[in-house]
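Chain and residue survey
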Amino acid sequence: MNITYPYLPPNRSFLYVAAEHPHMVAAKNHAREHSLDATVPTGSVVVVGDMVVGRGANGSTYHEDHGCERVRQGVPTGQRYDLCEGCHPKNHSELRAIADAQAQGHQLAGASLYLWGHWWACQDCWEAIIAAGITDVFLVAGSEKLFNRDHPDNSIGRQFA
């Protein structure tokens, strides 16, 4: 599969699983129940062995009150998170899932992360994934179409249908 991601660190790659994979279903359910981003809800779970040890969903209430400066300026996806408090990586599901697992005392060396609702991970998220020792990052098979705003066959707005 030859996909050009907005960001991918050297010597790293994404793995893909069916949307029905149990850990991906857990990430999807967490996004549905906890994401504060109505447009692109995402959820992540961190898995050690076969046990989910951390969960995170994206979003904040900042956009409701202030809008998004990145949107106003037409900034491409994955860039200039510094312009908008609501887009800050601390509000990304990957960082929240890692923080949740670590807060519970889990060691994440060799763990996996399952990301539902997006088709790539930004540089800040990758840096946190690598620093935590997570080795595998899984996306939904076909996510480069399903969750890509620029793809004509995306599911944006219909992610839970």
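Residues numbered from 1 in each chain as written. Predicted model: local features only at pLDDT ≥ 70, side-chain atom pairs only at ≥ 80, totals over all residues. Heavy atoms only, no water.

Topic: the environment of Tyr-16
Put simply, the test is: What counts as a helix is a DSSP run of H or I of at least four residues, what counts as a strand is a run of E of at least two, and both are numbered from the N terminus. Relative accessibility decides the category of a residue: with a 1.4 Å probe and only protein chains considered, values under 20% of the type maximum give buried, values over 50% give exposed, and everything between is partly exposed. For the purposes of these results, a polar contact is taken to be a pair of N or O atoms within 3.5 Å, where, inside protein, one atom must be able to donate a hydrogen and its partner to accept one; residues adjacent in sequence count only when each atom of the pair is a side-chain atom.
On the secondary structure map, Tyr-16 appears in strand S1 (residues 15-17). Its relative accessible area of 22% is what places Tyr-16 among the partly exposed residues. Residues Tyr-16 and His-88, 72 residues apart in the sequence, show an inter-C-alpha distance of 26 Å. At 2.4 Å, the side chain of Tyr-16 forms a polar contact with the side chain of Tyr-5.

What about the sheet that holds strand S5 (residues 136-140)?
Test applied: Each pair of strands is called paired provided DSSP finds at least two bridges between the two strands. Note on method: axes are straight lines fitted to C-alpha atoms, helices fitted across the in-contact stretch only, with angles between N-to-C directions ranging 0 to 180 degrees.
Taken in spatial order, the 5 strands of this open sheet run S1-S5-S4-S2-S3, and their pairing is mixed. Every other strand in the sheet has two partners, leaving S1 and strand S3 (51-57) as the edge strands with one partner each. Put simply, the sheet's adjacent strands are angled 25° from each other on average, direction ignored. Pairing analysis gives 3 bridges linking strand S4 (residues 112-116) to S5, with the strands arranged parallel.

Some remarks on the nonpolar core
For clarity, the cut-off: The definition of a nonpolar core used throughout is a set of buried Ala, Val, Leu, Ile, Met, Phe, Trp, Tyr and Cys residues joined through side-chain atoms within 4.5 Å. A contact between two residues is defined here by any heavy atoms of the two lying within 4.5 Å.
Counting residues in hydrophobic clusters, the biggest one holds 27 residues, and the most contacted among them are Phe-14, Val-46, Ile-98, Leu-108, Leu-113 and Ile-134. Contributing elements (two or more residues each) for this core: helix H4 (93-103), S4, helix H5 (123-132) and S5. Counting residues per element, this core draws most heavily on H5, which supplies 4 residues. Ignoring anything within four residues of it in the chain, the contact list for Phe-14 reads Tyr-5, Leu-8, Trp-120, Ala-121, Trp-126, Val-137 and Leu-139. Residues Ala-27, Val-45, Tyr-114 and Val-140 belong to the second largest nonpolar core, which totals 11 residues.

Overview of the pairing of S3
Sheet topology note: the strand S2 (residues 43-48)/S3 ladder contains 6 bridges and is antiparallel. The partner of Val-48 across the bridge, within S3, is Met-51. Hairpin geometry of S2 and S3 is characterised by an intervening segment of 2 residues between the two adjacent antiparallel strands and by a positive phi of about 65° at Gly-49.

Description of the side chain of Gln-159
Here Gln-159 lies in the segment after helix H6 (143-146). Its relative accessible area of 8% is what places Gln-159 among the buried residues. One polar contact links the side chain of Gln-159 to the main-chain carbonyl oxygen of Thr-39, over a distance of 2.9 Å. Apart from the residues within four sequence positions on either side, Gln-159 is in contact with Lys-28, Thr-39, Val-40, Pro-41, Trp-116 and Phe-147.

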